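Structure assessment
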Amino acid sequence: MAGVEAVALGSDDLRPALTRLDGWLASLGASLAGARLSASSLREDSETSRHMAAVNAAVDACVSDWPRQREALRPAEALARCLDQTIVLLVFGKFNAGKSSLCNLMADRFAAHGAEVDYFQLDADGRLEPCDRFTEGATETTSRIQGVRLGKRLVLLDTPGLHSATGEHAALTRRFADCADAVLWLTSSSTPGQVQELDELAGELRRAKPLLPVITRSDRYEEDEIDGALVKLMRNKPMADRCGQEADVAERARDKLAALGLDVAQLRPPLSISVHMARAEGESPAAMAAAGVDRLYSALRALVSPAQAYRRRKPAEVRLRHLDETLLGGLLALLWPALDRLNGLLDDAAGQLDRRGAQMQEDLWRAVVPLLPDLLDADALARDADAVCRELSQALDSAFRMAADVHLSAYRLAPHAPGRAISPGDTGFEDVVVAMDGRRQSTCVDATRLHAALERQIRDEVLQSVDAALAQCAASIHDLKDGAARLAAVLETHLHALNGIRAALRAGGQESEQPARPAGTRAGGMRP
């Protein structure tokens, strides 16, 4: 591994990228504050209003948790700084994949060639503490992040399995995964390249770091005759079997990555190795070659250059992943379903307006028109048509409030609804005049024309007041949908902007200028 020792490790000027990331976060916080959902046109006890309040509260909780999440990132950043002058390989895979065994074998080989070898483990704050040689076993022996420095330039991080039976161990691995410049993905030859492992592989490749699949335990028992007795001996798997497994892992890995829309160029050709056979045959040059260790060394030398590319931008990548997956990812996971539900509630409400309006009209008509005969009779003697109109207006106003509480209970309607008061106009009570003894005399009061006129006014007023109420409700729904669209636009705009920062970081250039979208618009294809 002399090629690794000779590597000159420089670093890029990441200050512009880090400044852009800080500005992005500040913009996201300000934009979220300016896009709070407002339910002022709804009653607080309505389902839609409660849902909007819950969305606002959830966003507030996310934003208020940002400082704590930022602090949780510092141990990984501290580790990255501590290992700044090395190339760090994350030994990554399911528990019992042989991670500790491979690390110990490589440490032994470096030490055999005179290189300094130092084992360490990480405390909860990412600080390095000396430790003993890694424990090997068929059970889950690694309970924390541990590492070994091989010479001056190479570090292996041995981790609890991502598919660990202990969830805390898997979370620990993810926490420090970004400290690595490349990944050795170890997968046992008994069940190589399982789909669950490939999903985790895709997660690492999203960070644009190179990944080398290593098929471990590439050995098997074979029967042989020794001194006339049949015995079982452990031997390397035949090269044909190894090549078949390697091709299978490569093909399924490429298919999976293509399905996820990831760049398969980051995937290195898989190789097979048997740590057991290398040791069993004394770690001789022939044994190392037969066990696949020489192929591993060659693959690691080829991994150095792409690993350096990631190492140069690692501080910005660590920060980028935090903003992308923890902060923005948390918001997207929360808000996309919430906004879908909100838009569904608003669409349902809009679709029900006509039916609710028809029910209101019927209720108002049935509540007020039957009162008309008695009101006319009560005021006929005084021939006070204005009194009849006042009582009708009051009855209609009361009936409107009751009907609105039943059919439009979710909305805050303007207090002046319904509209203008009912008026008799030029129509009033009429005397019935007959000729008696040669004289014309009034015998009774006729309200037929007044009844018809007032009935028409009640009908017109019912239609106008309900239409006005429905227009308020429709305007409220429109405004609420605009508010939801503004919040969605904040997410999409910042997702788009973060993708631009990522692309510029990995291309080593500047972000391209992109036109801003008007507030409230949605970016095509940006929704996950």
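My aim in this report is to walk through the structure given alongside it, one point at a time. (Residues numbered from 1 in each chain as written. Predicted model: local features only at pLDDT ≥ 70, side-chain atom pairs only at ≥ 80, totals over all residues. Heavy atoms only, no water.)

Quick word on the nonpolar core
Counting 71 residues, the largest nonpolar core has Leu392 and Leu454 as the members making the most contacts within it. Those elements that provide at least two residues to this core are α2 (15–34), α3 (47–64), α12 (314–368), α13 (372–380), α14 (385–407) and α15 (448–507). Element by element, the count of residues in this core is highest for α15, at 19 residues. Beyond its immediate chain neighbours, meaning those up to four positions away, Leu392 contacts Val368, Leu372, Leu375, Ile422, Leu454 and Ile458. Within the second largest apolar cluster, 36 residues are counted, among which are Phe110, Leu154, Val293 and Ala299. (Core = buried A, V, L, I, M, F, W, Y, C linked by side-chain atoms within 4.5 Å. Buried < 20%, exposed > 50% of the residue type's maximum accessible area, 1.4 Å probe, protein only. Helix = DSSP H or I, 4+ residues; strand = E, 2+ residues; numbered from the N terminus. Contact = heavy atoms within 4.5 Å.)

As for the packing of aromatic side chains
Aromatic rings in a pair are described by how distant their centres are and how their planes are angled relative to each other. A full pass over the atoms with the stated rule returns 1 aromatic pair. Ring centres of Tyr119 and Phe134 lie 4.9 Å apart, and the angle between their planes is 80 degrees; on these two criteria the pair is classed as edge-to-face. Of this pair, Tyr119 sits in strand β2 (residues 117–122) while Phe134 is found in the loop between β3 (128–130) and β4 (146–150), placing the two residues 15 residues apart along the sequence. Residue Tyr119 is classed as buried on the basis of its relative accessible area of 14%. Its relative accessible area of 4% is what places Phe134 among the buried residues. (Phe/Tyr/Trp six-rings, centres within 6.5 Å; stacked < 30°, edge-to-face > 60°.)

Digging into the sheet that holds strand β10 (residues 271–272)
The 8 strands are arranged β3-β2-β4-β5-β1-β6-β7-β10 in an open sheet whose pairing can be described as mixed. Lying at the two open borders of the sheet, with one neighbouring strand each, are β3 and β10. Pairing of strand β7 (residues 211–216) with β10, which is carried by 2 bridges, proceeds in the parallel orientation. In the sheet register, Val214 faces β10, and the bridge partner there is Leu271. Strand contacts of helix α8 (residues 239–259): β6 (182–188), β7 and β10, with the helix running at about 140 degrees to β7, the strand carrying the most contacts. (Pairing = 2+ DSSP bridges. Axes fitted to C-alpha atoms, helices over the stretch in contact; angles between N-to-C directions.)

Topic: the pattern of salt bridges
If you walk through the whole model with that rule in mind, you get 25 salt bridges. For Asp324, the salt bridge goes to Arg502, with nearest N and O atoms at 2.4 Å. Of this pair, Asp324 sits in helix α12 while Arg502 sits in helix α15; the two residues are 178 residues apart in sequence, bridging distant segments of the chain. A relative accessible area of 13% places Arg502 in the buried class. The shortest N-O distance in the salt bridge between Lys481 and Asp347 comes to 2.9 Å. (Salt bridge = Lys/Arg side-chain N within 4 Å of Asp/Glu carboxyl O.)

Some details on α15
Taking 1.5 Å of rise per residue, 60 residues should cover 88 Å, and α15 covers 87 Å from first to last C-alpha, within 8% of that figure. Positioned one or two residues after α15, Gly508 has a phi angle of 75 degrees, which is positive. (Expected span 1.5 Å × (residues − 1).)

Side note on the pairing of β6
β6 sits mainly inside the fold: 7 of its 7 residues count as buried. What you see with β6 is no split at all: Ala182, Leu184, Leu186 and Ser188 on one side and Val183, Trp185 and Thr187 on the other are buried throughout. Where strand β1 (residues 87–93) lies against β6, 5 bridges are found, and the strand directions are parallel. Following the sheet pairing, Phe92 is matched in β6 by Trp185.

Some words on helix α4 (residues 66–82)
For α4, which comprises 17 residues, the first-to-last C-alpha distance of 25 Å matches the rise-based estimate of 24 Å (1.5 Å per residue) to within 8%. Along its length, α4 shows its largest kink, about 30 degrees, at Arg74, and proline Pro75 lies within four residues downstream of that point. Those residues of α4 not exposed but buried are Trp66, Gln69, Arg70, Leu73, Pro75, Ala76, Glu77, Leu79 and Ala80. (Bend = angle between axes of the 7 residues up to and from the residue.)

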